[in-house]
Amino acid sequence: MVQHDGDRTVPAGRASVTRPSPPRHASATTGRRLGRHVGRRTALVTVVLLVVGWAVWLGVDALRARTDLVEAAALVGRLQDEVLSGDRGAAGQTLTQLQARSAAARDTTHGPHWSLASRLPWVGAEVHAVQVVSEVVDGLAVKALPGLLDATALVDPSTLAPVGGRVDLAPLEAAAPAVLAADRELQQASTRLADLQGDDLWGAVARPVDDLTAKVDGVAATTATAARAVRLLPAMLGADGPRTYLLLVQNTAEPRATGGIPGAVILLRAQDGAVQVVEQRAGGPLIDLPSPVLPLTSAESALFGDDLAADMRDVTFTPDFPRSAQIARAIWSQQVGGDVDGVLSVDPQALGLVLGSTGPVPIEPGPVADAAGGALTSANAASVLLSTVYLALADPPAQDAFFARTAASVFAAVATGQGGAGSTVQALAEAARQGRLMVWSAHPEEQEDLAGTVLSGELLGRHGATPVVGLYVNDAHADKMGFYLRTEVAVDSTACRADGSQALTVTVRLTSTAPAGGEGLPPYVTGTDAELPAGDLRMNVLLYAPAGGRVEGVTVSTGEPGVTSQVHDGLAVAGRTVQISPGENVILRVDVTTGPNQTNPVEIRTTPLPDLVLPAKVPSACS
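Calculation rules
- Residues numbered from 1 in each chain as written.
- Predicted model: local features only at pLDDT ≥ 70, side-chain atom pairs only at ≥ 80, totals over all residues.
- Heavy atoms only, no water.
- Helix = DSSP H or I, 4+ residues; strand = E, 2+ residues; numbered from the N terminus.
- Buried < 20%, exposed > 50% of the residue type's maximum accessible area, 1.4 Å probe, protein only.
- Contact = heavy atoms within 4.5 Å.
- Areas by Shrake-Rupley, 256 points an atom, 1.4 Å probe, with all protein chains shown as cover.
- Disulfide = S-S within 2.5 Å.
- pLDDT = per-residue confidence, 0-100.
- Expected span 1.5 Å × (residues − 1).
- Bend = angle between axes of the 7 residues up to and from the residue.
- Core = buried A, V, L, I, M, F, W, Y, C linked by side-chain atoms within 4.5 Å.
- 1 Å grid on protein atoms, 1.4 Å probe; cavity = no way out; pocket = protein on both sides within 12 Å on 5 of 7 lines; lining within 4 Å.
- Points joined across faces, edges and corners; volume = space filled by probe spheres on them.
- Nonpolar A, V, L, I, M, F, W, Y, C, P; charged D, E, K, R; others polar.
- Pairing = 2+ DSSP bridges.
- Salt bridge = Lys/Arg side-chain N within 4 Å of Asp/Glu carboxyl O.
- Axes fitted to C-alpha atoms, helices over the stretch in contact; angles between N-to-C directions.
- Parallel < 35°, antiparallel > 145°, perpendicular 65-115°, else oblique.
- Left-handed = near helix turned anticlockwise from the far one by under 90°.

A look at the overall build of the chain
Argument step 1. Within the chain one finds 16 helices and 20 strands.
Argument step 2. Counting all 623 residues of the chain, 46% fall into the buried class.
Argument step 3. Intrachain contacts of the chain at a sequence separation of at least 6 include 71% that bridge at least 24 residues.
Argument step 4. When the accessible surface of the chain is totalled, it reaches about 28,600 Å², and 56% of it is carbon and sulfur.

Re the state of the cysteines
The term disulfide refers to a covalent linkage connecting the sulfur atoms of a pair of cysteines.
Argument step 1. Overall, the coordinates contain one disulfide when judged by the stated rule.
Argument step 2. The side chain of C496 participates in a disulfide bridge whose partner is C622; the two sulfur atoms lie 2.0 Å from each other. Residues C496 and C622 are joined through a disulfide that is right-handed, its torsion about the S-S bond being 100°. Residue C496 is found in strand β12 (residues 485-496), and its partner C622 is found in the segment after β20 (611-613); the two are separated by 126 residues along the sequence.
Argument step 3. The class of C622 is partly exposed, set by a relative accessible area of 24%.

Quick look at the confidence of the model for the chain
Argument step 1. Residue-level pLDDT values for the chain average 83, and 83% of them are 70 or greater.
Argument step 2. Note on residues 42-61: pLDDT under 50 across the span, and 11 contacts to partners over four residues away in sequence or across chains.

Quick notes on the environment of L543
Argument step 1. Here L543 shows up in strand β14 (residues 537-544).
Argument step 2. With a relative accessible area of 4%, L543 lands in the buried category.
Argument step 3. The spacing of L543 and G470 is 73 residues in sequence and 5.7 Å in space, taken between C-alpha atoms.
Argument step 4. Ignoring sequence-local partners within four residues, the contact set of L543 consists of V469, G470, L471, V506, V551, A572, V573, A574, V590 and V592.

A look at helix α6 (residues 170-196)
Argument step 1. Between its first and last C-alpha atoms α6 spans 40 Å; for 27 residues at 1.5 Å apiece the expected length is 39 Å, and the two agree.
Argument step 2. Considering bend angle alone, the principal kink of α6 is centred on A176 and spans about 45°; proline P177 follows within four residues of it.

Some thoughts on the nonpolar core
Argument step 1. Counting residues in hydrophobic clusters, the biggest one holds 82 residues, and the most contacted among them are V249, L376, F402, L485, V506, L510 and V578.
Argument step 2. The dominant element in this core, judged by the number of residues it contributes, is helix α13 (residues 396-415), at seven residues.
Argument step 3. Ignoring sequence-local partners within four residues, the contact set of V249 consists of I261, P262, G263, A264, I266, V346, F403 and A407.

A short note on empty space enclosed by the protein
Argument step 1. All told, the structure shown has two cavities of 30 Å³ or more when counted by the stated rule.
Argument step 2. Here the largest cavity defines a volume of roughly 70 Å³.
Argument step 3. Taken together, L471, V508, V541, L543, V554, V563, A574, G575, R576, L588 and V590 form the lining of the largest cavity.
Argument step 4. Mapped onto the lining of the largest cavity, the elements with two or more residues apiece are β14, β17 (571-580) and β18 (585-593).
Argument step 5. At three residues, the largest contribution of residues to the lining of the largest cavity is made by β17.
Argument step 6. Here the lining of the largest cavity is built from residues that sort into nine nonpolar, one polar and one charged.
Argument step 7. What the second largest cavity holds in volume is close to 30 Å³.
Argument step 8. Residue lining of the second largest cavity: L386, S387, Y390, L391, K480, Y484, L521 and V525, and that is the complete set.
Argument step 9. The greatest single-element share of the lining of the second largest cavity, amounting to four residues, is contributed by helix α12 (residues 381-392).
Argument step 10. Across the lining of the second largest cavity, the residue classes tally to six nonpolar, one polar and one charged.

Let's talk about the pairing of strand β13 (residues 502-512)
Argument step 1. With nine of 11 residues buried, β13 is to be regarded as a mostly interior element.
Argument step 2. With 11 bridges connecting them, β12 and β13 associate as antiparallel partners. When the bridges of β13 are listed, R486 appears paired with T511.
Argument step 3. Where β12 folds back on β13, the antiparallel hairpin that results is connected by five residues, among which G500 adopts a positive phi of roughly 85°.
Argument step 4. Of the strand pairs in this sheet, β13 and β18 are connected by nine bridges, and their pairing is antiparallel. Note on β18: the bridge partner recorded for L504 is V592.

Some details on the pattern of salt bridges
Argument step 1. Using the criterion set out here, one finds 18 salt bridges in the structure.
Argument step 2. The network of salt bridges with common partners includes E254, R256, D314 and K480.

Comments concerning the sheet that holds β20
Argument step 1. Spatially, the five strands line up as an open sheet ordered β15-β18-β13-β12-β20, and their pairing is mixed. With partners counted over all chains shown, the strands left at the sheet margins are β15 (550-556) and β20, one partner each. Each adjacent strand pair in this sheet contributes to an overall mean axis angle of 15°, direction not counted.

Re the sheet that holds strand β9 (residues 437-441)
Argument step 1. Pairing in this open sheet of five strands is mixed, and the strands run β5-β4-β3-β6-β9 from one edge to the other. Looking at the sheet topology across the chains shown, the edges are occupied by β5 (274-281) and β9. On average, each strand axis in the sheet is tilted by 25° relative to the strand beside it, whichever way the strands run.

Re the layout of surface pockets
Argument step 1. Taken as a whole, the second largest pocket encloses approximately 690 Å³ of empty space.
Argument step 2. If you go around the second largest pocket, you meet 25 residues; those closest to its centre are R433, T453, V454, H463 and E603.
Argument step 3. Taken together, the elements giving at least two residues each to the lining of the second largest pocket come down to α14 (421-433), β11 (466-475) and β19 (603-606).

Quick word on the pairing of strand β4 (residues 259-271)
Argument step 1. Across the 13 residues that make up β4, a large majority, 11, are buried.
Argument step 2. As paired elements, strand β3 (residues 243-256) and β4 share 11 bridges and run antiparallel to each other. Across the sheet, N251 pairs through a bridge with I261, a residue of β4.
Argument step 3. Both β4 and β5 contribute to a ladder of seven bridges, which runs antiparallel.

Focus on unusual backbone geometry
Argument step 1. A positive phi angle, near 50°, is found at D288, a position not held by glycine.
Argument step 2. Structurally, D288 is set in the loop between β5 and α8 (298-304).
Argument step 3. Taking relative accessible area as the criterion, D288 reaches 56% and is therefore assigned exposed.

Some words on the packing of helix α10 (residues 348-358) against α12
Argument step 1. Relative to each other, α10 and α12 sit at 150°, their axes nearing to 8 Å. When the interaxial angle is binned, α10 and α12 end up roughly antiparallel. Every pair of crossing elements has a handedness; the one defined by α10 and α12 is right-handed. Residues P348, Q349, L351, G352 and L355 of α10 lie in contact with α12, whose contacting residues are A381, A382, L385 and L386.

Have a look at this one:
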């Protein structure tokens, strides 16, 4: 039996299913749709594969570049050490390795895939940082460091050693272009790396960037010093005509803010690299002038008195050495005549450091020579000049004359090349770091170059984000008891404020190590003031707050409460006179607030006293 189902005939007994007949074009449309779907999926897979491939490519490059950059950072540090030690052979090999590493890192981190990645969110800053670092390292390896390495051959310390009392200035002048070019490149590199510090970098990127930044900053500091030397030294040593300088030998047995009373004033003459002692003075027409040779500010008069500018012995009352130098120059010009091109300052400890390089200098026969073993050495310089001379010689003019002759002898040992030139330079550098060697130039362009260096001795309240606390001591009694003063300073950063300022507590412990009752010390040492018991110390202590900061309060362990306050050169100052008996101490506790945005660890600048203890580092509460 047959049944009909539409147009089709089906056998009886089967279920009847009616299916409409599709249009003739349905099969082609479905195929096209399926094709488009498959095409989109294929394109998506292709894009995914390309992105994954690009990411893998970028990742492999990044790992390779990181290895190169980490090794390059280590090579930068090694190269600096080798250059400073004078090992030019090793430095040349290290530079070759550095150039290979830096070129590889730059090539690896530059290309279309890196350029694209640097524009993406999330990873763009990291990619940009790696590119900048590779560019900086390659720039240093290709542009700066080769010239700097060549310059070291010209300015090796051995080539700068005085021969016949004269330094050959030609190597410095020849090296100047390469050194200056290298320094420009280093300073630009340091700035570019510093700009990355503000980016929110991942730890894997930030750590190598920080490491390289520290190493480049170290090299940049070295090149800045070298550039300053090649700019300053030839002219200051008389390459362009004779120069004259005053050398103040500060005697810290009678403390003054920048060291001590100028126990000797020596006139130096420099010409064509030769430096000679022309004249040495002590006292005479340079003291007790009828009026200040330069106008004083009201703060200077209040803190230091008019003798600051009317007595050569008191020009160092101010903690601002450029001001002391200007006054000393004016006193010399008025009382002696003749202009000077600059003022230098050293103290007995600085002379001791230099003697460690030059070796001993003989002391003329007499009671001081007998007590000192016949020579001034690095070990006995401070005690001989700050104590022995006063015990062995009763006549003050004779003491001053001995002081001047001895300082001139040490200077002559340096000028004639006695000892190693490299070690002498290192000794002078250490003296400068301790504030025991300072230089001021009357030529504005040279002084601008000296400003901000350890040689300048400026009164500063901050270095960038670093707050500077100043602690200075002036003898308040005409004596030579500073040799028996022990000064210990501690600073604690106790809080970080919202504006980036810090709360500080400065603790100063002043101890007298003098013999009881001043036993065995002559009146010239203990002083002749009947109101002050023999052997007691009387000191004016000045505490300078950082720039923009203030002194919140002062407590003293003994005596009546109270301090004087002033604003000196824009810095808040608290002053206190203390009296200390033999074997006793006085403790001052000063609460200080720094200025805003001074978040770095505190820097302490102090009078370079004979027995001074400072903290190695003051951690910031803001870090």
